[in-house]
Every structure is written in structure tokens, then in C-alpha cells.
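Chain by chain, the residues run as shown.
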Amino acid sequence: MTQTPKQQRLDRIERILDNMATNLINERDARLAQREDLEEFYQTVRRWAESTDSAINRLVENAEADRAAIREMQAEVTQVWQYLLSQRPNGSSGG
């Protein structure tokens, strides 16, 4: 049984639509996979940033503690220096 030109045209349109639907489904699946990859990448970067922030915060805290200790030592050195100067007659070296 031969098809009429109208049936052939409808079959051709049906194949085109079927191909388009398949292409759209494949494209959608590819985009979903890409979105999942991007989400995983984002989560990795977020975890890295959080760990880096945590490490930086520890470094800043350590630096602040070091500065405080240095200020205390400088104050003690100044006190010792002033004491030593006060022990010399008229602040001059004895000799």
C-alpha cells in the first residue's frame, strides 16, 4: 500500500517532531547534569572558603596574641630600663 503525498508529509513532520523532542530531552538531561556539576563545584568552593576563613581567623587571632605579648615585653623592658637609669647617679655611667 503506497502512501499519499499528504501521509508522507505527515510522517515526515512526525519524524521531525520526534527528533526535536528527543533532542530537547537530551539537552535538558545535559543541562541537569551540568547544573549538578556546578552545584557540586559551588559546594566544594564554599567548603574551601570556609576552611580558609577559619585558618585566616586563627592566624589573625595568633597575630593579635603575639602583638599583645610583644607590647607586654616592651613595657617590661621599658620598666627595667627606667629602673637601671634610676640606679645610676644622675643617670650617668659610673666609672
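Rules behind the numbers
Residues numbered from 1 in each chain as written. Predicted model: local features only at pLDDT ≥ 70, side-chain atom pairs only at ≥ 80, totals over all residues. Heavy atoms only, no water. Helix = DSSP H or I, 4+ residues; strand = E, 2+ residues; numbered from the N terminus. Rg over C-alpha atoms; globule rule 2.2 N^0.38 Å. Buried < 20%, exposed > 50% of the residue type's maximum accessible area, 1.4 Å probe, protein only. Areas by Shrake-Rupley, 256 points an atom, 1.4 Å probe, with all protein chains shown as cover. Lys, Arg positive; Asp, Glu negative; His and termini not counted. Charge placed at Lys NZ, Arg CZ, Asp CG, Glu CD. Salt bridge = Lys/Arg side-chain N within 4 Å of Asp/Glu carboxyl O. Patch = residues over 30% accessible without salt bridge, like charges linked within 9 Å, V, L, I, M, F, W, Y side chains within 5 Å.

With respect to the overall build of the protein chain
When helices and strands are tallied, the protein chain shows one helix and zero strands. Relative to the globule expectation of 12 Å for 95 residues, the C-alpha radius of gyration of the protein chain, 40 Å, shows a markedly less compact shape. Seen along its three principal axes, the alpha-carbon backbone of the protein chain occupies a region of about 130 × 15 × 15 Å. Counting only residues that meet the buried cut, the protein chain has 0% of its 95 residues in that class. With the model as given, the accessible surface of the protein chain reaches about 9,100 Å², and the carbon-plus-sulfur share is 56%. Between the centroid of the 13 positive side chains of the protein chain and the centroid of its 16 negative side chains there is a distance of 8 Å.

So, the pattern of salt bridges
Applying the stated criterion across every chain yields a total of three salt bridges. Across the salt bridge formed by Glu50 and Arg46, the nearest N and O atoms sit 2.8 Å from each other. You can see Glu50 and its partner Arg46 sitting in helix H1 (residues 5–87), four residues apart, about one turn around the helix. Glu50 gets classed as partly exposed once you look at its relative accessible area, which sits at 44%. According to the relative accessible area criterion, Arg46 is partly exposed, its value standing at 31%.

Some remarks on the environment of Asp53
For Asp53, the location among the structural elements is in helix H1. With 39 residues separating them in the primary sequence, Asp53 and Glu14 have C-alpha atoms 57 Å apart.

Focus: a nonpolar patch on the surface
There is a patch of nonpolar side chains on the surface, built from Leu10, Ile13, Ile16, Leu17 and Met20 and spanning about 450 Å² of accessible area. Position of Met20 relative to the elements: it lies in helix H1. By relative accessible area, which is 46% here, Met20 ends up partly exposed.

In short, the description is geometric, and any link to function would need to be established separately.
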